[in-house]
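Fold and contact review
Each chain is listed here by its residues.
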Amino acid sequence: MTAIAGIGIDAGSTTCKAVAVDPSGAVVATALEQALPRIADQTAAMLDGLRSAHDVAPGARCVATGYGRRLVECADRRVTEITCHARGVFDDLGRAGTLVDIGGQDSKVIRIGPDGRPADFVMNDKCAAGTGRFLEYTAGRLGLDVADLGGRVAAPGSEEQITSTCTVFAESEIISLLARGAEVDAILKGLHRSLTVRLVAMVRTVGWEPPLMMSGGVARNAGVRAMIGEALDTEVIVPEHPQLTGAHGAALLALEG
Ligand code: ADP
């Protein structure tokens, strides 16, 4: 069994992720859990789990990233999500370009340079409307699981217009639309469009260069992927496990000390 040489922990607002890599950077193990309030305890337990299930090379280090990174007491170093996502996606896909990272509580667009480092970025962490939380909240209002939204939105069909720019007002709009007999899938398309419009504006602000890549939990949503690609008239490239991109980048940075 290959020994772990670097561990990345991404303590996010919604999920807590860990990726362990061997000395060559190949992934040895991963973990993904719903985030718990006690970040220090949760991340220590994840690290213990990886260490007890795998050989760990002497001197292996741990880098923490994510919104809760300062609370990851078991980490040797802390690095911003922007740097970690850029590094993770650059390693996965091997090229410069523009990365859209949509997590549970914030969204970022990062222009990645030819060396895999962020050249520029824009971030929305002030408003839930451009984040995964918007989809979770509105899906909950419709009695749906967030994992089922993308398939329904990517299927052909009509679309309702959601005009509110705020999550709370969007909820009132959903209630009115349902009362008027609107179809759930048409409302879902409108909600995804509303999130996409915000993200596309951010992509344009950063002065994007192709290829366009996506990471974060919302990259798992086929509806968001399709709408962003359509709005920018480009293919959207997504790593195999986009929700682990930040932790993967952190693990690769851990190999560097
Ligand atoms: P954070 O790093 O802030 O904790 P994540 O990158 O884990 O956030 O993303 C969480 C978001 O990902 C959720 O709010 C949800 O919208 C979306 N998501 C999570 N799982 C899925 C899934 N299976 N399919 C589609 N979207 C998902």
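Coordinates for the structure precede this section.
Reading the values: the criteria
- Residues numbered from 1 in each chain as written.
- Predicted model: local features only at pLDDT ≥ 70, side-chain atom pairs only at ≥ 80, totals over all residues.
- Heavy atoms only, no water.
- Near = heavy atom within 4 Å.
- Polar contact = N/O pair within 3.5 Å; in protein donor to acceptor, adjacent residues only side chain to side chain.
- Areas by Shrake-Rupley, 256 points an atom, 1.4 Å probe, with all protein chains shown as cover.
- Helix = DSSP H or I, 4+ residues; strand = E, 2+ residues; numbered from the N terminus.
- Nonpolar A, V, L, I, M, F, W, Y, C, P; charged D, E, K, R; others polar.
- Axes fitted to C-alpha atoms, helices over the stretch in contact; angles between N-to-C directions.
- Parallel < 35°, antiparallel > 145°, perpendicular 65-115°, else oblique.
- Left-handed = near helix turned anticlockwise from the far one by under 90°.
- Contact = heavy atoms within 4.5 Å.
- Buried < 20%, exposed > 50% of the residue type's maximum accessible area, 1.4 Å probe, protein only.
- Pairing = 2+ DSSP bridges.
- Salt bridge = Lys/Arg side-chain N within 4 Å of Asp/Glu carboxyl O.

Notes on the site of the ligand
- Taken together, 19 residues form the shell around the ligand, and within it Thr14, Thr15, Lys17, Glu136 and Gly217 come nearest.
- Thr14 places a polar main-chain atom, nitrogen or oxygen, 2.7 Å from an oxygen atom of the ligand.
- In this structure, an oxygen atom belonging to the ligand sits 2.5 Å away from a side-chain N or O atom of Thr15.
- Bound to the protein, the ligand loses 89% of the 590 Å² it would expose on its own.
- Those elements that place two or more of their residues in the shell around the ligand are β2 (15–21) and α3 (132–141).
- In terms of residue count, α3 provides more of the shell around the ligand than any other element does, three residues in total.
- By residue class, the composition of the shell around the ligand is three nonpolar, twelve polar and four charged.

Quick word on the packing of α3 against helix α6 (residues 184–205)
- Running from N to C, α3 and α6 cross one another at 165°; their axes reach a closest spacing of 11 Å. As summarised for this structure, α3 and α6 are arranged roughly antiparallel, according to the angle between their axes. By crossing handedness, the relation of α3 to α6 is classed as right-handed. Two secondary-structure elements touch here, α3 through Phe134, Leu135 and Thr138 and α6 through Leu191, His192, Ser194 and Leu195.
- Partitioned by chemical class, the residues of the contact of α3 with α6 number four nonpolar, three polar and no charged.

Details of the environment of Ala129
- Mapped onto the fold, Ala129 is located in the loop between β8 (118–124) and α3.
- Judged by its relative accessible area of 1%, Ala129 falls in the buried class.
- Each C-alpha atom, one on Ala129 and one on Leu191, is 9.6 Å from the other, the two residues being 62 residues apart in sequence.
- In contact with Ala129, not counting residues within four places along its chain, are Phe134, Thr165, Thr167, Leu195 and Arg198.

Some words on the sheet that holds strand β10 (residues 236–237)
- Read from one edge to the other, the open sheet built from five strands follows the order β8-β7-β6-β9-β10, with strand pairing classed as mixed. Each end of this open sheet is capped by a strand with a single partner; those strands are β8 and β10.
- Both strand β6 (residues 97–102) and strand β7 (residues 107–112) contribute to a ladder of six bridges, which runs antiparallel. Across the sheet, Leu99 pairs through a bridge with Ile110, a residue of β7.

Section: the pattern of salt bridges
- This model, assessed by the stated rule, comprises 14 salt bridges.
- A salt bridge links Arg69 to Glu81; the nearest nitrogen and oxygen atoms lie 3.9 Å apart. Taken together, the residues Arg69 in the loop between β4 (56–65) and β5 (77–78) and Glu81 in helix α2 (residues 81–93) connect sequence positions twelve residues apart. Grouping residues by exposure puts Arg69 and Glu81 together as buried.
- A salt bridge links Glu81 to Lys108; the nearest nitrogen and oxygen atoms lie 3.1 Å apart. In this pair, Glu81 sits in helix α2 while Lys108 sits in strand β7, placing the two residues 27 residues apart along the sequence.

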